[in-house]
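Coordinate inspection notes
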Amino acid sequence: AAATRWGIRDRQPVVIYDDYRSLSAARAWWLLTRSGVTDVRIVDGGLTAWRDAGLRLETGEASASAGNIRLHDIAEDVLTVSSVGDFASTGVLIDVRAADRFRGESEPFDPIAGHIPGAVNLPSDQYMSGAYFRPVAELRSIFDAAGVRDGVAAAAYCGSGITAAQALFAAELAGLSGSTGVKATTDLDEVLAAKPQCVVYNAMADNRLMEALEDY
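As a starting point, this report considers the structure included with it. (Residues numbered from 1 in each chain as written. Predicted model: local features only at pLDDT ≥ 70, side-chain atom pairs only at ≥ 80, totals over all residues. Heavy atoms only, no water.)

Topic: the nonpolar core
Note the following rule: Residue types Ala, Val, Leu, Ile, Met, Phe, Trp, Tyr and Cys, when buried and joined through side-chain atoms within 4.5 Å, form a set referred to as a nonpolar core. Only protein chains enter the calculation, and the probe is 1.4 Å; a residue is then buried if its accessible area is under 20% of its type maximum, exposed if over 50%, and partly exposed in between. Runs of E in the DSSP output that reach at least two residues are strands. Runs of H or I that reach at least four are helices, and both are numbered from the N terminus. Two residues qualify as a contact provided that any one of their heavy atoms is within 4.5 Å of a heavy atom in the partner residue.
V37, I94, Y127 and F143 are the most contacted members of the largest nonpolar core, which totals 40 residues. Counting residues per element, this core draws most heavily on helix α8 (residues 162–173), at seven residues. V37 has contacts with I8, V14, L32, I69 and L71, leaving out every residue within four places of it along the chain. In terms of nonpolar packing, the next biggest core, distinct from the first, is built from ten residues, F87, L93, A119 and A155 among them.

Looking at a nonpolar patch on the surface
Going by this rule: The residues that make up patches have over 30% relative accessible area and no salt bridge, and they are joined within 9 Å when like-charged or within 5 Å when they are Val, Leu, Ile, Met, Phe, Trp or Tyr. Per-residue and other accessible areas follow the Shrake-Rupley method at a 1.4 Å probe size, with only the shown protein chains counted as cover for residues. In the sections that follow, a salt bridge refers to a side-chain nitrogen of Lys or Arg positioned within 4 Å of a carboxyl oxygen of Asp or Glu.
Taken together, the side chains of W50, L55 and L57 define a hydrophobic patch exposed on the protein surface, amounting to about 280 Å² of accessible area. With respect to the helices and strands, the residue L55 is situated in the loop between α3 (46–52) and α4 (81–90).

Details of the packing of helix α7 (residues 136–145) against α8
As a reminder of what qualifies: For helices, the fitted line uses only the C-alpha atoms of the stretch in contact; every axis is such a line through C-alpha atoms, and the angle between N-to-C directions lies from 0 to 180 degrees. Take the far helix as your reference; a near helix turned counterclockwise from it by less than a right angle gives a left-handed crossing, and one turned clockwise gives a right-handed crossing. Gly counts as polar in this scheme, as do all residues outside two lists: the nonpolar Ala, Val, Leu, Ile, Met, Phe, Trp, Tyr, Cys and Pro, and the charged Asp, Glu, Lys and Arg.
Axis separation between α7 and α8 bottoms out at 8 Å; the angle between their running directions is 115°. The crossing of α7 and α8 is left-handed. Contacts between α7 and α8 involve V136, L139 and F143 from the former and A167, A170, A171 and L173 from the latter. Of the residues contributing to the contact of α7 with α8, the split by class is seven nonpolar, no polar and no charged.

Fair warning: the whole summary comes from geometry, so function is off the table for now.
Encoded structure:
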C-alpha cells in the first residue's frame, strides 16, 4: 500500500506540508484522519514558513522505511446528495468559495453558478492570512460570525472538497470539532450535476483511492 510505502506506522504522528496555503495538506489530513490515522499534523505556512525560517532544503529523491498502517474506508463526516438539503435547514452549511462564486456572479469551474439553498458564505481568505491559518482566537470569532459555535452542527463544501478540507482544519484549530463543530464536507459539483449514486463529498471516489493505495 502507498501509505505503508510512505512510512506511516500505527500510533505514530504524521506531519504534512505543501507549498500553497495548506490546501493539499488539509485534504491529506482529512483523508488520513478519516481513514484510521489518529495523529496527523499540518505545518502552518508549509514550505513558505520553512524557507522563511532559513531552514535547510534537500534535493533529489527520498524514501522511507516501510510502515504498517492499515487504512479503512471513509464512512463518517460526509453528507449525501439526499441529506445536504435537509442539513442546511437544521445546521450551518458553509460555502467556502469566493464571494462572487457564492452569489452566482462568476463561475469558472462548476457547471451551474450559485450556491446550495440555505448555505452561508465563508471564503477561505477570511480564515487564512496568506500561507498561514489565522490565530485561534480570530478563527473562533470568524466561525462564530458564520454561525458555527459550540453545540451547533455544521458542514462545509466547495467545488471539489479541497478548500472545504482546509476549512475543516481551521475549525479544528479553533476547537470546533466532533459533534459540536464543522464535521462534514461536500462537493458542489455533484450536487449541481445531480450525478446518480454519488456521495456529495465524493467519498466513494476517495474510498476507491484508498483501495487502490492498499493494492499498490
